[in-house]
Amino acid sequence: MLMLLFQLGNSRYAIPAREVVEVTPRVRLEPLAGTPDYVAGLLNYRGEHVPAIDLCQLINSERCRNSLTTRIILVPFSGANGATGTLGLLAEAVTETLRIEESAFADTGVKVDTAPYLGRAAHSSQGMVRSITVADLLPQQLRAQLFASAVH
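Residues numbered from 1 in each chain as written. Predicted model: local features only at pLDDT ≥ 70, side-chain atom pairs only at ≥ 80, totals over all residues. Heavy atoms only, no water.

A. Region of the structure containing the nonpolar core. Residues Phe-6, Ile-53, Leu-89, Leu-137 and Leu-138 are the most contacted members of the largest nonpolar core, which totals 37 residues. Going through the elements one at a time, strand E1 (2-8), strand E2 (11-16), strand E4 (39-45), strand E5 (48-54), helix H1 (55-60), strand E6 (71-78), strand E7 (84-99) and helix H2 (140-146) are the ones with two or more residues in this core. Filtering out sequence-adjacent residues up to four positions away, Leu-138 remains in contact with Tyr-38, Ile-53, Phe-77, Leu-87, Arg-143, Leu-146 and Phe-147. Grouped together as the second largest cluster of nonpolar side chains are nine residues, Ala-14, Leu-98, Ala-122 and Val-129 included. (Core = buried A, V, L, I, M, F, W, Y, C linked by side-chain atoms within 4.5 Å. Buried < 20%, exposed > 50% of the residue type's maximum accessible area, 1.4 Å probe, protein only. Helix = DSSP H or I, 4+ residues; strand = E, 2+ residues; numbered from the N terminus. Contact = heavy atoms within 4.5 Å.)

B. Molecular detail of the pattern of salt bridges. Taken as a whole and assessed by the stated rule, the structure comprises five salt bridges. Here Glu-92 and Arg-65 are joined by a salt bridge, their closest N and O atoms 3.0 Å apart. Separated by 27 residues along the polypeptide, Glu-92 in strand E7 and Arg-65 in the loop between H1 and E6 bring together distant segments of the chain. A salt bridge links Asp-113 to Lys-111; the nearest nitrogen and oxygen atoms lie 3.6 Å apart. On the basis of relative accessibility, which here comes to 62%, the residue Asp-113 falls in the exposed class. (Salt bridge = Lys/Arg side-chain N within 4 Å of Asp/Glu carboxyl O.)

Below is the structure:
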């Protein structure tokens, strides 16, 4: 399975490339009042207003660095009441893909109730890579807030 690799702090993470709509350069994001710190803001993606979350802030409690390889990964996302839209994931070192067999990912044996999106891990030529389950990134209340009027 082809995985898009990225970095959050000093750790490597990945999501399946089939879940990626596009990877864009980091752009200026409009702040969204009343949202958690890890909601980086709103971007205009081809005429669509897309909320973006800062994965570094969400996972490591530090904002993503402003570098040339810090990118926004656009993924489809299901919001409130089955509404669908696009979600931006701000991450660092978004520069490569890696083919890792799905069977190479194993349960870490660690369960963090506040981070259900942290999936299994695999060992690769890049070291340990943890998968992120995009569908589990946002709590239900935030889904409803960010995707309240998304297209069905």
